[in-house]
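Topology and contacts: notes
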Amino acid sequence: MSDRALDASVPVGVIGAGAMGAGIALVAAQAGHAVRLVDAQAGAAERAIAQAAASLEALAGKGRLSAADAAATAARMRPATLGDLAGCGLVIEAIVEDLDIKRGLLRELEPIVGDGCILATNTSSLSVTAMAAGLKRPERVAGMHFFNPATRMRLVEVISGLETAPEVAQKIHRTAEAWGKHAAYARSTPGFIVNRIARPFYGEAWRAYTEGAAEPATIDAIVRDCGGFPMGPFELMDLIGHDVNFAVTQSVFDATFGERRYAPSLAQLELVRAGRLGRKSGRGIYDYRDGAVRPSPAVEPGAEPVTRVIAVGSLGIATPIITRLERAGIDVVRVQGPREAQTPSSGWLEIGPAHLMMTDGRPATRRATEDAHEHLVLFDLALDYATTPRLGLARADQCGMGAFRTVCATLGQAGFACSPLDDVAGLVVLRLIAMLVNEAADAVAHGICSADAIDVAMRFGVNYPRGPMEWSEQVGLRVFARALANLREHYGEERYRTSALITRKGYTGAGFHG
Ligand code: NAI
């Protein structure tokens, strides 16, 4: 078998004409393949093709493609039976998510299709290895995991089971690229790349919320505005549906024999039990019913800003905060810090009586004592301190409200909306990204996929602003290594253990690609 993309002249079979199958069929037809669409339900393939034709016509109406192209693409799709798939070079199944039914289907297909035909599955949670087991030629089975909606989402995960031939995975990878997608290789493992690496995005948000860090609207705003994510975790879970999101977490947790990092949230289970599934049921974390008012994120406007700030040591990646204060007309006096304040990001700003520092994963109250900062305020990690419109801030118990308000009012002058957080370890963004980086490092360490594949998968599969590896390169792996060590020490939980790969690389300053 050649490792090149499937030639556009070779027909493609798609089985299952539901949400995913219909989209995959359209993607293949748009790439020039004749597509044969099969569904067990009478009329389903016809309906899916009619809908695809209508959406192509609508695109032509908007001038996005010619009417002739739209008609030709629609004409390449036709309803079919399993027997019609004989001449296909690739068959992608997107039927019900049930291992026995999928295995049965592949068994039925084997004698129908030719020897060179690749059998691909769009499963999002089942083992590709298990699906191929017992077939005459398990080496031709691989995962070709599209994201919903398949026409718009730009990622395809290419999943190899234990027996998958490398050239089969390679051909799927190249074919996905020829179809205009970004492709990422992964071994068959619970959650593959995206659904595994993304778990802490939800899990740590639940932990922060249940520990009282802030209300969901504040956590969402911090993750969006400071973390640069298109949606906050709670609004995203409301969109996905808590039943679906909970089930994915539970399945990854079960499939990894109870790995604590994937432990589902009891608070989310309560929502599912109450039928508060999110947008689709009218209520989830937020209320979507008519007349409901969306809660605003908490902001502390502060009082009594200062006109002069002392910058001690280096703020590292947070240095643009100083530039923004200066642009706002605040006088910033830079002084050398004690020796330990010379390492990037261990410096601080003296704003009135308060010391403002970036979180290192320890709660402010503990750090205030350990590092002798009396009125300590910690700020959270941000994607870009030069542009972030918001900062998450936590005050040590030793720091009075007056000192805290002075910090907020002064930062407010430089354009930061200050969202107060309770004094939880690692605040919100640092904790969440540190755990994403940890998850990513473990996936690389365990040979599930490459560092590059993770960044591609997270950027194009779930629209993260940066992949975890890029985060670790921009911020410095040491920052995350320290945060993880502090989280582990704070909670004493297995969940926060540092990936061995981070331990190995973190202290040399080498990135994951080094
Ligand atoms: P769906 O329920 O919308 O569509 C499934 C279709 O398969 C239905 O039209 C059904 O009639 C047909 N079908 C069921 N058993 C069949 C059989 N034995 N032979 C032929 N047709 C059969 O499901 P959806 O959401 O399209 O999911 C399909 C697959 O894609 C599942 O494996 C799912 O895990 C996976 N997936 C789903 C995503 C999503 O967001 N919905 C995302 C990525 C993967």
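Before going into details, it helps to say that this report is about the structure given with it. On a predicted model such as this, the values are computed, not experimentally measured, just so you know.

For the rest of this paragraph, the subject is the overall build of the protein. The secondary structure content of the protein amounts to 20 helices and 15 strands. With respect to the principal axes defined by its C-alpha atoms, the protein has extents near 80 × 50 × 45 Å. Out of the 514 residues belonging to the protein, those deemed buried represent 54%. Counting only contacts in the protein whose residues sit at least 6 apart along the sequence, the fraction spanning at least 24 positions is 69%. When the accessible surface of the protein is summed, it comes to about 20600 Å², and 51% of that surface belongs to carbon and sulfur atoms. Here the protein holds 53 positive side-chain charges and 56 negative ones, and the gap between their average locations is 2 Å.

Our focus in this paragraph is the environment of Ala 440. Mapped onto the fold, Ala 440 is located in helix 16 (residues 429-445). With 72 residues separating them in the primary sequence, Ala 440 and Phe 512 have C-alpha atoms 9.9 Å apart. Once residues lying within four places of it in the same chain are set aside, the contact partners of Ala 440 are Ile 197, Ile 454, Pro 468 and Met 469.

This part takes up the sheet that holds strand 13 (residues 376-379). Note: strands within a sheet are paired through backbone hydrogen bonds, in either parallel or antiparallel orientation. Sheet architecture is open: 7 strands sit in the order 10-9-11-12-13-14-15, paired in mixed fashion. In the strand order of this sheet, the two ends are held by strand 10 (331-335) and strand 15 (417-421), each with one partner. This sheet shows a mean twist of 30 degrees between the axes of neighbouring strands, independent of strand direction.

With that settled, consider the pattern of salt bridges. Applying the stated criterion across every chain, the model contains 30 salt bridges. Here Arg 137 ties to Asp 115 by a salt bridge, and the two come within 3.8 Å at their closest N and O atoms. Here Arg 137 is found in the loop between helix 5 (128-132) and strand 6 (141-146), whereas its partner Asp 115 is found in the loop between helix 4 (99-109) and strand 5 (118-121), with 22 residues between them in sequence. Owing to a relative accessible area of 27%, Arg 137 belongs among the partly exposed residues under this scheme. Note that Arg 207 is salt-bridged to Glu 211, the shortest N-O span being 3.3 Å. The exposure class of Arg 207 is buried, given its relative accessible area of 19%. Bridged by salt links that share partners, the residues Asp 360, Arg 362, Arg 366, Arg 367, Glu 370, Asp 371 and Glu 489 form one connected network.

Procedures and definitions
Residues numbered from 1 in each chain as written. Predicted model: local features only at pLDDT ≥ 70, side-chain atom pairs only at ≥ 80, totals over all residues. Heavy atoms only, no water. Helix = DSSP H or I, 4+ residues; strand = E, 2+ residues; numbered from the N terminus. Buried < 20%, exposed > 50% of the residue type's maximum accessible area, 1.4 Å probe, protein only. Contact = heavy atoms within 4.5 Å. Areas by Shrake-Rupley, 256 points an atom, 1.4 Å probe, with all protein chains shown as cover. Lys, Arg positive; Asp, Glu negative; His and termini not counted. Charge placed at Lys NZ, Arg CZ, Asp CG, Glu CD. Pairing = 2+ DSSP bridges. Axes fitted to C-alpha atoms, helices over the stretch in contact; angles between N-to-C directions. Salt bridge = Lys/Arg side-chain N within 4 Å of Asp/Glu carboxyl O.

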